[in-house]
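# Examination of the molecular architecture
Listed below are the residues making up each chain.
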Amino acid sequence: MSSPAEYYQSLPPISKVYGTLCLLFTAAYQLGVFDVVHIALIYRLAFSRFQVWRLITNFFFLGKFSINFGIRLLMIARYGVQLENGPFNRRTADFLWMMIFGAFSMLVLAAIPIFWTPFLGISLVFMLVYVWSREFPNAQINIYGLMTLKAFYLPWAMLALDVIFGSPIMPDLLGIIAGHLYYFLTVLHPLATGKTLLKTPRWVHKLVARWRIGAPAPTNNRVEPERTTGVAFRGRSYRLSD
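Residues numbered from 1 in each chain as written. Predicted model: local features only at pLDDT ≥ 70, side-chain atom pairs only at ≥ 80, totals over all residues. Heavy atoms only, no water.

## Considering the overall build of the chain
- Of the regular secondary structure elements, the chain holds ten helices and four strands.
- Going residue by residue from the N terminus, the α and β elements of the chain occur as α-α-α-α-α-α-α-β-β-α-α-α-β-β.
- Scored against the burial criterion, the 242 residues of the chain give a buried share of 45%.
- Within the chain, residue pairs in contact and separated by at least 24 positions form 65% of the contacts whose partners lie at least 6 positions apart.
- Carbon and sulfur atoms make up 65% of the accessible area of the chain, which totals about 13,500 Å². (Helix = DSSP H or I, 4+ residues; strand = E, 2+ residues; numbered from the N terminus. Buried < 20%, exposed > 50% of the residue type's maximum accessible area, 1.4 Å probe, protein only. Contact = heavy atoms within 4.5 Å. Areas by Shrake-Rupley, 256 points an atom, 1.4 Å probe, with all protein chains shown as cover.)

Below is the structure:
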């Protein structure tokens, strides 16, 4: 069995950095380093007083240290890591772009008063869960030892549990909307039409290559995604080069 340090080092880069930042922000808050009001998503302050950091920092706060915080962190460690090591293996730029696109989509949605929430970290985590559930739709998931269901239904089951436990519903919904938008543009629409509407920008690829983030993508015999056909929401399959 590997030590905690070895496990941490084995984590893929994007999930590791995001989970670490979420942990550090909550630890700093608990130690009184800052008040959460200074990192919350408040558009009036972000634009009228040029506190533009709010557009980013709000994604790194998952709440105070609690059971719910631990669950959100474990969701990153499980679903984010499985995505990055599985369907996005050697596609670090694509995974990073998924996170950026999701964050931008949530910022746009949160500008609508009915969707506004001061912290979008939970929404971004929920987006990871949603995309994971589409990539692994037939995986069997046991929820708190109470029920077993297919991964396809996991986001909705977790949404229902949050409602039962009195947690706000809007962060979960924003994550589902952003996740479905990404999945529609990168998987469902290409399956139906053969055209990809959303591609990872070149600047993201350059950023990943410049900072040597993750394993380098193969230059020869590249692994190309092979879209499944037939049933929608069936997930992607990947053909490995010989």
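## With respect to helix 7 (residues 121–135)
- Taking 1.5 Å per residue, 15 residues should reach 21 Å; helix 7 reaches 21 Å between its end C-alpha atoms and fits that length.
- Where burial is concerned, most of helix 7 is hidden: 14 out of the 15 residues are buried. (Expected span 1.5 Å × (residues − 1).)

## Let's talk about the side chain of Lys 16
- With respect to the secondary-structure elements, Lys 16 resides in helix 2 (residues 13–30).
- With near-sequence residues (within four places) excluded, Lys 16 lies in contact with Tyr 8, Gln 9 and Leu 11.

## A short note on the UniProt feature "transmembrane region" (unreviewed entry) in the chain
- Per the UniProt annotation, the sites labelled "transmembrane region" (unreviewed entry) are residues 17–43, 55–76, 96–129, 141–161 and 173–192.
- Between the end C-alpha atoms of residues 17–43 the distance is 26 Å, and the span holds 56% helix and 0% strand.
- Spanning residues 141–161, this segment combines 38% helix with 33% strand, and its end C-alpha atoms are found 15 Å apart. (UniProt positions renumbered as here; feature names shortened; annotations may be inferred.)

## Remarks on the pairing of strand 1 (residues 140–143)
- Of the two faces of strand 1, only one is covered, namely that formed by Ile 141 and Ile 143; the face formed by Gln 140 and Asn 142 stays uncovered.
- The sheet contact formed by strand 1 and strand 2 (residues 147–150) spans four bridges and is antiparallel. Bridge pairing in strand 2 links Gln 140 to Lys 150.
- Between strand 1 and strand 2, which pair antiparallel one after the other, the connecting turn spans three residues, and Tyr 144 there sits at a positive phi close to 55 degrees. (Pairing = 2+ DSSP bridges.)

## Section: the environment of Ala 151
- The topology assignment puts Ala 151 in the loop between strand 2 and helix 8 (154–164).
- Looking at Ala 151, the relative accessible area reads 0%, which means it is buried.
- As for Ala 151 and Ala 139, which are separated by twelve residues in sequence, their C-alpha atoms are 5.2 Å apart.
- Those residues in contact with Ala 151 that lie beyond four places of it in its chain are Trp 132, Ser 133, Phe 136, Pro 137, Ala 139 and Ile 141.

## With respect to unusual backbone geometry
- For Arg 90, which is not glycine, the phi dihedral falls at a positive 60 degrees.
- Relative to the assigned elements, Arg 90 resides in the loop between helix 5 (67–85) and helix 6 (92–110).
- The class for Arg 90 is partly exposed, based on a relative accessible area of 40%.
- Of note, the phi angle at Arg 212 is positive, near 55 degrees, even though the residue is not glycine.
- As for its position among the elements, Arg 212 is in the loop between helix 10 (202–210) and strand 3 (225–226).

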